[in-house]
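Listed below are the residues making up each chain.
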Amino acid sequence: MIEFLALYLDGELPPESRRAFDEHLAECAACVRYLNSYKATIAMGRVALQSDDTPAPSSVPQGLIAAIRAARARA
Ligand SMILES: [Zn+2]
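So, here is what we can say about the structure in this document.

## Some remarks on the nonpolar core
When a protein is soluble and globular, its nonpolar side chains tend to lie buried together.
Alright, step 1. Residues Phe4, Leu5, Phe21 and Leu64 are the most contacted members of the largest nonpolar core, which totals 17 residues.
Alright, step 2. Elements supplying a minimum of two residues to this core: helix H1 (2-10), helix H2 (15-26), helix H3 (29-45) and helix H4 (62-74).
Alright, step 3. Aside from chain neighbours lying at most four places away, what touches Phe21 is Phe4, Leu5, Tyr8, Leu35, Leu64, Ala67, Ile68 and Ala71.

## Considerations on H1
Alright, step 1. Listed in full, the buried residues belonging to H1 are Phe4, Leu5 and Tyr8. One side of H1 holds all its buried residues, which, seen down the axis, span an arc of 95 degrees. Along H1, the residues that are exposed and aim more than 90 degrees away from the buried face are Glu3 and Asp10.
Alright, step 2. Lining the buried residues of H1 we find H2, H3 and H4.
Alright, step 3. One or two residues past the end of H1 sits Gly11, with phi positive at roughly 70 degrees.

## Concerning the packing of aromatic side chains
Alright, step 1. Taken as a whole, this structure holds two aromatic pairs when the rule is applied.
Alright, step 2. Judged by centre distance (5.1 Å) and plane angle (75 degrees), the ring pair of Phe4 and Phe21 falls under edge-to-face. Placement of Phe4 in helix H1 and of Phe21 in helix H2 is noted, with a sequence separation of 17 residues between them. Judged on exposure class, the residue Phe4 and its partner Phe21 are both buried.
Alright, step 3. Ring centres of Tyr8 and Phe21 lie 4.9 Å apart, and the angle between their planes is 75 degrees; this geometry places the pair in the edge-to-face category. Highlighted residues: Tyr8 in helix H1 and Phe21 in helix H2, separated in sequence by 13 residues.
Alright, step 4. Look at Tyr8 and you get buried, because its relative accessible area is 10%.
Alright, step 5. Overall, Phe21 belongs to the buried group, its relative accessible area being 0%.
Alright, step 6. Aromatic ring contacts, followed pair by pair, group Phe4, Tyr8 and Phe21 into a single cluster.
Alright, step 7. The ring centre of Tyr8 lies 4.6 Å from the NZ or CZ of Arg18, which sits over that ring.

Thresholds, definitions, all that
- Here, residues in each chain are numbered from 1, in the same order as that chain's written sequence.
- Totals for whole chains, interfaces and linings use every residue, but because this is a predicted model, local features are given only for residues with pLDDT of at least 70 and side-chain atom pairs only at 80 or more, for both listing and counting.
- Note that the side-chain values use all heavy atoms of the structure and ignore hydrogens as well as water.
- Among buried residues, those of type Ala, Val, Leu, Ile, Met, Phe, Trp, Tyr and Cys that are joined through side-chain atoms within 4.5 Å constitute a nonpolar core.
- The cut-offs for exposure are 20% and 50% of the maximum accessible area for each residue type, with area from a 1.4 Å probe on protein chains only; residues under the lower value are buried, those over the upper are exposed, and the others partly exposed.
- In this text, helices come from DSSP runs of H or I with a minimum length of four residues, and strands from runs of E with a minimum of two, each type numbered from the N-terminal end.
- We call two residues contacting when some pair of their heavy atoms lies within 4.5 Å.
- Directions drawn from the helix axis to the C-beta atoms are what define this arc.
- Aromatic rings from Phe, Tyr and Trp, taking only the six-membered ring of Trp, are treated as a pair when their centres fall within 6.5 Å; an angle between ring planes under 30 degrees marks them as stacked, one over 60 as edge-to-face, and anything in between as tilted.
- Should the NZ of a Lys or the CZ of an Arg lie within 6 Å of a ring centre and within 35 degrees of the ring normal, that charge is described as sitting over the ring.

This is how it looks when you write it as structure tokens:
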């Protein structure tokens, strides 16, 4: 899921997945907030990237996880 967000922010998602995810973000403030805090975390943590399989933080909105699953299913 972190990888999905990284691909999204880098603009490397398949177009169908990106569109599905954008549609969700357009109507879900919780996910937009999470994404913004995630971006801030990346900016601070670039130097300290350690692991690819860090579990998703517990503060991830359930809707975001669902949106990622849905977007992946469209790819
Ligand atoms: Zn959401």
